[in-house]
Amino acid sequence: MILSGEFHYWRVPDRSRWEPILKQYKSAGLNTIRIYFHWGYHSPDENIYRFDGNRDIDHLLGLCERLKLFVLAAPGPYICAETQAGGYPAWLIAKRELNIRHNAMMLWRTYDPMFAAYEVQWLQALLPIIARHQVTTNPRGCVLAVQIDNELFEKMAGILPVGLRDQMRVLAKASRDAGTTVPLFTNDGFEEGGWVPRPENAGKGGWWDSNQFGIDLYGFDKYVVFAPSSSPKSWLIDGDYSLSEWGTWDPKSIEHSIDKLEKTVRGFGGGAKESPMFIPELQGGWFNHYQLKHTYDQIYDFFGDQYTKTLFDSTLAQGVTMANVYMIYGGTNWGALGDPDVYTSYDYSACIREFGKMSMRGRNLRKTLLFAQSFAPYFSKTERVNPSASSSVENTINTQRVAVGADQPVEFTFFRNFDRKQRTTFDVTHSSPSGVFTLECKLAYKTSFIGLGQYTAQNGLRLLLSTLPIHLRMVHPDTNEEIWIVEPNEVGSLAFESSEIQVSGNMQNNVLHREGPASILSFTKQTGHTTLTTLKGRLHLIGLLPEQVSTLFADFEAGHWNPDKQRSMPVVAWGADTFYYNHHEKTLEVQYDRSQDTVNVISFKKPTDKRMRALVAPDALPFVHSFVFQEHAHEQFPLPVLVLLEQWKTRAVDFRGMKWHALLTNNNKPVWDSLDYLYTSGHSLYRTNFITPSATRPKVTLEFNARNRATVLVNGRIVGGHTTYSRQLFSPGAKIGPDPWFLGTHTYDLSPYVNRQDNLENEVIVLVDSFGLNRQAFIMNDVRNPRGIINARLNGINSTAVWEITGVDVRLLDQPYNTTGFPDENTEAVWSSTHTKIVAADKKYSFLVKASDGPFWVRTKFDHGLKNAVDSLSVPLRLHLDGTMTANVFLNDVLIGRYYGNGDGPQHDFYIPDGLVHKDGNELKMLIYSWEDTEAHVSIEGWPVDPDSGNLVQDGSVEEYMVWKDSILL
């Protein structure tokens, strides 16, 4: 089974964090990651491709191989992903003669060979690196498959052919020419087409001729792809069949659609029914927008802790065996990486929060992933059957599936409580030719688990049905001992086929209830152990409390990573924040927080680490060992975590020292758009000068239209500003789709601010902050929606205004997204300690920001006293900002945040990437300006968070999140 999570290395600016994050993916039960490779991130200018530093993908793929994570590589060229221009580089977008993504206009494509040539160039630069890591050519490689483009419509409404065959064919051929030998797949935006050639065109090579069509579809045995990108919908696609939506939250819709799916699969013939179904993008959260009041914390609460698990369980119920959750860790839109849909944080309310804590959503998902990997020999190929179990409450059993082609027909019952009355207990009646029995089940509303049945354990004991969660199994390789981790409750039971069973332990009801063909085991305690002994061996049940299950970990080593090509016995542990098992060093790496004090490890061999001990209770299981952490050292650190900021300095923005130049012209008209100057990251700046005619004292006004945030300065002072942005189509500043550029003009009365003396020059500067280039999603043609000023006119002066422009040409930067757009951002100018008074109170700092001061820079220094104070301690930090000002924040020369205190962005707390912070000598530099007088508040603090969700709690009721690290030699 391919159990994958999305990972965007380019949203993690400090490469040193790649490894700990990916270890968390492993800890979450994933065995695969999908990676979007970002063209613009690697190519600041034409013919320049950089794969160094935090763009070193060879290192990244090698890291995946070392961590034993498979990779689904998605090189685009288009990736979407809520990033500027959908991943296309700015220099490419600026070539207006090209049809970007072959879009000739909105909703219409015309194949553009010139654009295709640039796409091929990108693939030729990138894919040879990926090819070195393919499983088909490298015995220790990690890359399983390569995705061609992303969300590229083939058809709309199932009939309208909006996709271009040449578009996909050229990309697929370029991939093969660059050395790609693994299967190719795609991810259709709305699942109405999958770019699968028709079977009647099949060549000698199989179902169809990959040489003719230039594209394979990802399937281990057959060529069928299951490729949805929207949640919670699921689709199966081929050249002749295009299924309707068949996976919403409506259970009846799911059941109806499964019937439709399986009939369609059977219609393929030729064994296609054995093909795996694949979801390249299963939504695990959602992103947040500008100008909304709610935050990612509120999005997390809206979906809840169980959301991703229930969604994933529902896809497994539909027979999906390959799925990629988008996102597992969202990361940060540092610099100007984001498109207009998203601000700095890309937390995504994901399984791993932006500052590094695995949320309860991730812990709940892990339960399903561990179960799936435990029973992968049976789960990896199933078919839907008429349920042998029925419930006394409607909408509590989703469906049943049975293993096919395995050594036993294991049955999986998908419990999912969508009862409209929100009842949490119900009876489950199981019927078979051998008889009928009834079990009770307890399941909270809108939660789910997978019940195991018709499974014969190593000791010959046959489980008929379980109505409580069995989270994982562990089989001794040389004996008939088997271990299950279960989560008992006062209602659920295990029904075994009646046989001679000896029961021992400390959590079960010792008298098995007999009903029909079943011997029913129930429990009197939620934690402990039960052993079921037969003549062939023993089955051990270890019961854990819900809070213990939330930390449960198992490392399942796939045969590909095992030189003997045999399924190895997993390492199982619980009790800590995060685990990672290092196979080479035979060590279990542990991260634990202040609420955790003991780790339990299951090992049939006595661990080597002398600090471990077997449990000493008289009836304790001999293979369960415990490890008690050393006393936390956090008492020596003052709480709450607040960082001292020192050496405050300020300086004015050096407008006069900037290199201004006249606007370009096209057909005798001024060219305003910042794209044409490659000022695509952050701000573009416009300037004009005029003489005030004092004799008539006319009213002087400025009319202009701009995207997205405009700030007007007259003679050095800010006189106002506005934002043109919309979450709606066909609206000024539309974040996606058509933008009626002729709408959105604002007028400013400059009269109160101009000089009234004869022949005295006035200076007008307009700062325009772009939220990023639109991402050319689906069949939209919006990547060139205007940025900067669209048009401008000064009224009430005697001459025509002559405008100049300046900014930062991103082609000249090593990293084209790491700029505010202010040309003086790296100027070694004179800093002053007297320009602005800084007020300090308990390591929280404030200062006045006056509109009359115009934009200015603020700089401060700090040490991270907790960093490396204890080698095993990790303390994430956040920058907290308040006030109605605008702030662009650099940390050690990396733009880590864009703050909009007027309400344009809801973010006030910015994650400080740990790998960017030094133990001492850190520099925080901020570009500050405001449309109104305000008081700015600045502090660097820890993350006091809810222990389950990871949501920020600022009322002083919880302590900051921090983790200690240790390593256990097994």
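Residues numbered from 1 in each chain as written. Predicted model: local features only at pLDDT ≥ 70, side-chain atom pairs only at ≥ 80, totals over all residues. Heavy atoms only, no water.

A.B. asks: What am I meant to see in the sheet that holds strand β56 (residues 963–969) here?
C.D. replies: Either a parallel or an antiparallel arrangement is found when strands of a sheet pair, and the pairing is made through backbone hydrogen bonds. Reading across from one edge, β29-β30-β56-β49 is the order of the four strands in this open sheet, with antiparallel pairing throughout. Each edge of the sheet is formed by a strand with only one pairing partner; in this case those strands are β29 (578–582) and β49 (873–874). The pairing of β49 with β56 spans two bridges and is antiparallel. Bridging across to β56, L873 finds its partner in W964. Sitting on the sheet, helix α1 (residues 18–27) touches β29 and β30 (587–592), and the angle it makes with β29 is about 95 degrees. (Pairing = 2+ DSSP bridges. Helix = DSSP H or I, 4+ residues; strand = E, 2+ residues; numbered from the N terminus. Contact = heavy atoms within 4.5 Å. Axes fitted to C-alpha atoms, helices over the stretch in contact; angles between N-to-C directions.)

A.B. asks: What should I look at first to understand the side chain of T344 in this one?
C.D. replies: Here T344 lies in the loop between β9 (320–326) and α11 (360–374). A distance of 3.0 Å separates a polar atom in the side chain of T344 from the backbone nitrogen of R898. (Polar contact = N/O pair within 3.5 Å; in protein donor to acceptor, adjacent residues only side chain to side chain.)

A.B. asks: So what exactly am I meant to see when it comes to the sheet that holds strand β22 (residues 502–505) here?
C.D. replies: Within the open sheet, the five strands sit side by side as β19-β20-β26-β25-β22. Their pairing is mixed. Two strands close off the open sheet at either side, each with one partner strand: β19 (470–475) and β22. On average, each strand axis in the sheet is tilted by 20 degrees relative to the strand beside it, whichever way the strands run. For β19 and strand β20 (residues 482–486), the ladder comprises five bridges, and the chain directions are antiparallel. Paired with M474 across the bridge in β20 is I483.

A.B. asks: Explain the environment of S448 here, please?
C.D. replies: Looking at where S448 falls in the secondary structure, it is placed in strand β16 (residues 448–453). In this structure S448 comes out as buried when scored by relative accessible area, which is 5%. Spatially, the C-alpha atom of S448 lies 4.2 Å from that of R416, the residues being 32 residues apart in sequence. Residue contacts for S448: discarding those within four places in its chain leaves K309, T310, D313, F415, R416 and L443. Of the polar contacts made by the side chain of S448, one reaches the side chain of D313; its length is 2.6 Å. (Buried < 20%, exposed > 50% of the residue type's maximum accessible area, 1.4 Å probe, protein only.)

A.B. asks: What is the right way to read the packing of α1 against helix α3 (residues 57–67) from this model?
C.D. replies: Helix packing geometry: the angle between the two helix axes and the distance between the axes. Where α1 contacts α3, the two axes come as close as 11 Å, and the packing angle between them is 40 degrees. When the axes of α1 and α3 are compared, the pair comes out oblique. In the crossing of α1 with α3, the sense of the turn from one axis to the other is right-handed. When α1 is examined against α3, the residues W18, E19, L22, K23 and K26 are found in contact with a partner set consisting of H59, L60, L63, C64, R66 and L67. (Parallel < 35°, antiparallel > 145°, perpendicular 65-115°, else oblique. Left-handed = near helix turned anticlockwise from the far one by under 90°.)

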